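Structural overview for review
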Amino acid sequence: MEMQTKTPVLGNYIYPDLPDASKWADCVHCGMCLETCPTYNVTQQEQNSPRGRVHLMKSIAEGKTTLNEQMAKPIQACIDCRACTTACPADVQVGALIEEVRGQLRQAMPLKGWKKMVNNLILHQLFPHQNRLNRLGGFLKFYQKSGLQTVTRKTGLIKIMPDHLVDLESVMPEIKKPVRKRYKDMKVIPAKGEMKNEVAFMTGCVMDVMFTEANQATINVLTRNGNNVTIPEKQVCCGALHFHTGEREKGKELAKQNIIAFEEAGTIVINSAGCGCMLKEYEEIFHDDPEWADRAKAFSRKVQDISKYLVDTGYVAPKSKVNVKLTYHDACHLAHGQGIRKEPRELIQSIPGVELIEMENSDRCCGSGGVYNVLQPDLAGAVLKQKMEFVPDDVELVVMGNPGCMLQMSMGVKKYGNGQRVIHIMELMDQAYQKEEVE
């Protein structure tokens, strides 16, 4: 008779894929994290602070409480911005713990009814399939170009949607042909001039559908700086949204597909802070998987954010003046998740004529958090309002390197701003190079 292996448990964490207890072991509840936590700043509630959440998670491991709705609320209310880890003197990995415990919650309390239907539609039937996302992009392009968008807005039909979705629709960028379609017949996009390096470009799923021009700008900047660019055909969604919402098995499935798709690549370049952070965490996610640990480590260590890659490998500073006053927003998963702060600023300040006005609390979360602003619109809106208080009134541009932040900050500018435009850092660099070519 074959013996069955018993699933390991940790207190009242009884489901597969247990949280890593070593991640909370060093938390002494000192409170250094409180000031940096966006949800604590809004609610002033201990359970909505990093140390409060760590206490709850640890209590379940000790059998003092269970995976229940009351416990789930503060865990789900976390934006997973990682600012607490930056502030923590013991480097407690609260963000990783949040994702691991959400995985336990999803197994303990499976979604039902319409929530399950919507979750499956978005995270299982849409995001993992680039062709379906492209078809959605095609519909959105038709919606914008056909006049349907104008009609729905003028007639008030748009108001049948929840207010936060109406706000998102109001700042939706113009949909254009994705770069993966533009270059589908090209194995290599050649460098301009002398070729120095070859990189594989991770286009992202939503990034390529909704922020195509940022992707095109990234390719332009890479080739302008002597890089041959390849776009591996079999790449898929990075899985960040799945890990953020507790869909860990699906997230791991997508991660494996990406590891395979980029196995032969050298450097992997990404222009989305959230996706880049996720890709670098594949190593941690598979650290105890004997089949995938080494492959995930090799993959993660090849991933580089575009700004750091350019600074590390050398870039040509634009020569033409771009007379503009701007500020820079540190995306959470770039500053806190990857520790990248100075490189984007170096690129910005390399452009003649640019005046960078530093934003106070530039690394304070804007409330985007992947799909957090959709799932937790009230808290996300309150966090955004606080963030906008730090945006200088006299700047023309707010520059950043993450698509979720771009949408969220665009809503902030529309509601509380002073006519600023939100732009990806690669679009700024590309515009500077293009002006140089014209002159």
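Relevant structure appears above.
**Observations concerning empty space enclosed by the protein**
Taken as a whole and assessed by the stated rule, the structure comprises 4 cavities of 30 Å³ or more. The wall of the largest cavity is formed by 18 residues, among which C27, C30, C33, C88 and V92 lie closest to the centre. Contributing elements (two or more residues each) for the lining of the largest cavity: helix 2 (50–61) and helix 4 (83–87). For the lining of the largest cavity, the leading source of residues is helix 2, giving 3 residues. A class-by-class count of the residues in the lining of the largest cavity yields 13 nonpolar, 3 polar and 2 charged. Put simply, the second largest cavity is a space of about 90 Å³. Contributing to the lining of the second largest cavity are C37, P38, T39, P50, R53, C78, I79, D80, C81, R82, C84 and V94. Taken together, the elements giving at least two residues each to the lining of the second largest cavity come down to helix 1 (38–43) and helix 2. Within the lining of the second largest cavity, the residues separate by chemical class into 8 nonpolar, 1 polar and 3 charged.

**Thoughts on the nonpolar core**
For soluble globular proteins, the rule of thumb is that nonpolar side chains tend to be buried together. Judged by nonpolar contacts, the single largest core of 76 residues is most densely connected at L326, I348, V399, M409 and M426. Counting residues in each nonpolar core, the second largest holds 24 residues, with L34, M71, V92 and V94 among its members.

**A closer look at the pattern of salt bridges**
A full pass over the atoms with the stated rule returns 26 salt bridges. Taking the shortest distance from any N to any O, the salt bridge between D80 and R82 comes out at 2.7 Å. Members of the salt-bridge network, linked through shared partners, are D20, K23, E100 and E284.

**Here's the deal with the packing of aromatic side chains**
When we look at a pair of aromatic rings, we describe it by the centre distance and by the angle of the planes. Taken as a whole and assessed by the stated rule, the structure comprises 4 aromatic pairs. Ring geometry for F262 versus F299: centroids 6.1 Å apart, planes at 75°, classification edge-to-face. Of the two residues, F262 is situated in the loop between helix 14 (248–261) and strand 3 (267–270) and F299 in helix 17 (residues 293–300); the sequence distance between them amounts to 37 residues. On the basis of relative accessibility, which here comes to 0%, the residue F262 falls in the buried class. In this structure an aromatic cluster arises from ring pairing among F262, Y282 and F299. The residue whose ring lies beneath R295 is W292, and the NZ or CZ to ring-centre distance is 4.4 Å.

**Re the sheet that holds strand 6 (residues 354–356)**
A sheet is described by the order of its strands in space; here 4 strands give the open sequence 6-5-7-8, paired in parallel fashion. In this open sheet, the two strands that pair with only one neighbour each are strand 6 and strand 8 (421–424). Direction aside, the axes of adjacent strands within the sheet are offset by 35° on average. Direction of pairing for strand 7 (residues 397–400) relative to strand 8: parallel, over a ladder of 4 bridges. Considered in strand 8, the bridge of M400 is made with H424. Against the sheet, helix 24 (residues 425–438) makes contact with strand 5 (324–328), strand 7 and strand 8, and its axis sits at roughly 85° relative to strand 8, the strand it touches most.

**What about the pairing of strand 1 (residues 197–202)?**
Pairing geometry for strand 1 and strand 2 (residues 227–230), over 4 bridges, is parallel. Note on strand 2: the bridge partner recorded for N197 is N227. Where strand 1 lies against strand 3, 4 bridges are found, and the strand directions are parallel. Considered in strand 3, the bridge of M202 is made with I270.

Thresholds applied
Residues numbered from 1 in each chain as written. Predicted model: local features only at pLDDT ≥ 70, side-chain atom pairs only at ≥ 80, totals over all residues. Heavy atoms only, no water. 1 Å grid on protein atoms, 1.4 Å probe; cavity = no way out; pocket = protein on both sides within 12 Å on 5 of 7 lines; lining within 4 Å. Points joined across faces, edges and corners; volume = space filled by probe spheres on them. Helix = DSSP H or I, 4+ residues; strand = E, 2+ residues; numbered from the N terminus. Nonpolar A, V, L, I, M, F, W, Y, C, P; charged D, E, K, R; others polar. Core = buried A, V, L, I, M, F, W, Y, C linked by side-chain atoms within 4.5 Å. Buried < 20%, exposed > 50% of the residue type's maximum accessible area, 1.4 Å probe, protein only. Salt bridge = Lys/Arg side-chain N within 4 Å of Asp/Glu carboxyl O. Phe/Tyr/Trp six-rings, centres within 6.5 Å; stacked < 30°, edge-to-face > 60°. Lys NZ or Arg CZ within 6 Å of the ring centre and 35° of its normal. Pairing = 2+ DSSP bridges. Axes fitted to C-alpha atoms, helices over the stretch in contact; angles between N-to-C directions. Contact = heavy atoms within 4.5 Å.

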